[in-house]
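# Architecture and fold: a report
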Amino acid sequence: MLRRTVYLPLAGLALFIFLALVRLPLSLALDVSGVRAQGVDWSAASGTVWNGTIAGVYLDGYPVGTINQRTRFLPLLTGRVVSDVDITGRPVNGEGQVSLAGQGITLNDAAFLIDLASYDVVDAFGAPLRGAVRLETDNLQLRGDQCRSGVVSIWTDSLAYSARAWGGEGFPLAGTATCGDDGVLRLALSGEGSGQTVAITGTLDPTLDYLAEVRAGGLEEDIATGLMLYGFEQSGNDLLLIQRGNLLVNP
């Protein structure tokens, strides 16, 4: 009888906490989470922490779109928060599964299409970057501000827009971004068309120091001459541009 007397209030308290969490407004959860201090902002939030919508999301001042999230219950029993997320609107569209455990974040079965014109980014020639980039990953693991493991497949048609400024047609670039155990992100993209080739390789370390190399081959003489005005140098039969810096100092 004593055991029953003790357990009944505990069971009632557990049920009360569970129901409170189920009905907890998403807007309140976001306000107390401290994510604004990490560069995340939004215009409105509706629904609950289990099934809600966050509109007008920005990350470090860059627009993301509207995020719809649905949290799964069973993973909570193992100390993980797992949510199915889809992003709609402009500039990001896509979906994936986000898992939170301690300081670790895992992104599973994710695919996103991003409109580059929505961001204040320039290409190698100083012109506004246009086009789209598609990102896909089966499993990407992050810890803090570092990429710990995983591979992201990348496709973009941004080169076609940049090439038009030179009277060319351009072609898509495809490749991967790979996370290493050292926290360094390694990028490799390439493409070809009409006898021309472009290969882009680069690294980004946890301090946001980057090294990028752009190699172009099979170019017409007038295009090659123009590229050399922007810092490309002759390297065998190709032109090569090497850039180093820090994204916080000279993005």
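Preceding block: the structure.
Residues numbered from 1 in each chain as written. Predicted model: local features only at pLDDT ≥ 70, side-chain atom pairs only at ≥ 80, totals over all residues. Heavy atoms only, no water.

### Thoughts on unusual backbone geometry
- The omega torsion of the bond from R90 to P91 falls at 15°, within 30 degrees of zero and hence cis.
- Take P91: it is sitting in the loop between β5 (81–88) and β6 (92–101).
- With a phi angle near 45°, D109 is a residue other than glycine that sits in the positive phi range.
- Relative to the elements of secondary structure, D109 occurs in strand β7 (residues 104–115).
- A relative accessible area of 61% means that D109 is categorised as exposed.
- Of note in the backbone geometry, S194 takes a positive phi value of approximately 55° without being a glycine.
- Here S194 is to be found in the loop between β11 (185–193) and β12 (196–204).
- Taking the relative accessible area as the measure of exposure, S194 reaches 71% and is therefore exposed. (Helix = DSSP H or I, 4+ residues; strand = E, 2+ residues; numbered from the N terminus. Buried < 20%, exposed > 50% of the residue type's maximum accessible area, 1.4 Å probe, protein only.)

### Here's the deal with the pairing of strand β4 (residues 62–71)
- Burial of β4 is extensive: seven of the ten residues sit out of reach of the surface.
- Where strand β3 (residues 51–59) and β4 come together, seven bridges link them in antiparallel fashion. Bridging from a neighbouring strand, I54 pairs with I67 of β4.
- Here β3 hands over to β4 after two residues, with D60 in that stretch at a positive phi of 55°.
- Inspection of the sheet shows β4 paired to β5 by six bridges, in the antiparallel sense. Directly across from R70, in β5, lies its bridge partner D84. (Pairing = 2+ DSSP bridges.)

Structural measurements only, silent on function.
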